[in-house]
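Listed below, chain by chain, are the residues.
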Amino acid sequence: MAADLEAQLRAASLRVTRPRLAVLAALRDHPHVDTDTVIALVRSDLPTVSHQAVYDVLRALTEAGLVRRIQPDRSPARYESRVGDNHHHVMCRSCGAIADVDCAVGHVPCLTPSDDHGFVIDEAEVVYWGTCPDCATDRTSQ
């Protein structure tokens, strides 16, 4: 697995560093996590890594297209390693759980606006909001 992560970094013309590998591994294994969670996950392998180093790595990986930053309304920024497709997200209003949702139509963009105001649309971002199965079960059992 590490060789695959190294290849991703090299393909994006980024130097292979331990913090970059640790962040990519954390996001591969834990999608949709916030920055504090990424820091905690990375520190389990690299205890001395600084907050700033992780922030810098997240920025570099996002700019290189290896990581996607999402920020649903009223939620901290989250990061995921699923990139290169036009998928969306479903988010629980109670606990904040997030899951991927493939594009409903199957082509980019998924949605055609009623008025594009002259813009050339190349992407649509959709967040579905609701209650996850665990929270729905908790509500009905109370």
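An account of the accompanying structure is given in this report.

Criteria and cut-off values
- Residues numbered from 1 in each chain as written.
- Predicted model: local features only at pLDDT ≥ 70, side-chain atom pairs only at ≥ 80, totals over all residues.
- Heavy atoms only, no water.
- Phe/Tyr/Trp six-rings, centres within 6.5 Å; stacked < 30°, edge-to-face > 60°.
- Lys NZ or Arg CZ within 6 Å of the ring centre and 35° of its normal.
- Salt bridge = Lys/Arg side-chain N within 4 Å of Asp/Glu carboxyl O.
- Helix = DSSP H or I, 4+ residues; strand = E, 2+ residues; numbered from the N terminus.
- Buried < 20%, exposed > 50% of the residue type's maximum accessible area, 1.4 Å probe, protein only.
- Pairing = 2+ DSSP bridges.
- Axes fitted to C-alpha atoms, helices over the stretch in contact; angles between N-to-C directions.
- Parallel < 35°, antiparallel > 145°, perpendicular 65-115°, else oblique.
- Left-handed = near helix turned anticlockwise from the far one by under 90°.
- Contact = heavy atoms within 4.5 Å.
- Nonpolar A, V, L, I, M, F, W, Y, C, P; charged D, E, K, R; others polar.

According to the stated counting rule, one finds 0 aromatic pairs in the structure shown. Directly above the ring of W129 sits R74, whose terminal nitrogen or CZ lies 5.6 Å from the centroid.

A complete count under the given rule lists 9 salt bridges for this structure. One salt bridge connects E63 with R59, and the closest N-O pair in it is separated by 3.9 Å. Remark: R59 and E63 occur in helix 4 (residues 51–63); sequence separation between them is 4 residues, near one turn of the helix. Classification of E63 by relative accessible area gives exposed; the value is 64%. We classify R59 as partly exposed; its relative accessible area is 46%. One salt bridge in this structure joins R82 and D102, with 2.5 Å as the shortest N-O distance.

Further remarks concern the sheet that holds strand 6 (residues 127–130). Judged by pairing direction, the sheet is mixed, and its 3 strands sit side by side in the order 5-4-6 without closing on themselves. One side of each edge strand has no neighbouring strand; the edge strands of this open sheet are strand 5 (98–101) and strand 6. The mean angle between the axes of side-by-side strands here comes to 25 degrees, regardless of whether they run parallel or antiparallel. As judged from the 4 bridges shared by strand 4 (residues 88–92) and strand 5, these two strands associate in the antiparallel manner. Following the sheet pairing, H89 is matched in strand 5 by D100.

Right, let's get into unusual backbone geometry. We note that S13 has phi near 60 degrees; this positive angle belongs to a residue other than glycine. Secondary-structure assignment places S13 in the loop between helix 1 (2–11) and helix 2 (18–29). In this structure, H32 is a non-glycine residue whose phi angle is positive, near 70 degrees. Summarising the element assignment, H32 is placed in the loop between helix 2 and strand 1 (33–34).

We now examine the packing of helix 2 against helix 3 (residues 35–45). One can describe the packing of helix 2 onto helix 3 by two numbers: an axis separation of 9 Å at closest approach and a directional angle of 120 degrees. By the angle between their axes, helix 2 is oblique relative to helix 3. Here helix 2 runs over helix 3; the crossing is right-handed. Counted together, R18, A22, V23, A26 and L27 of helix 2 and V38, L41, V42 and D45 of helix 3 form the full contact between these two elements. Considering only residue class, the contact of helix 2 with helix 3 consists of 7 nonpolar, no polar and 2 charged.

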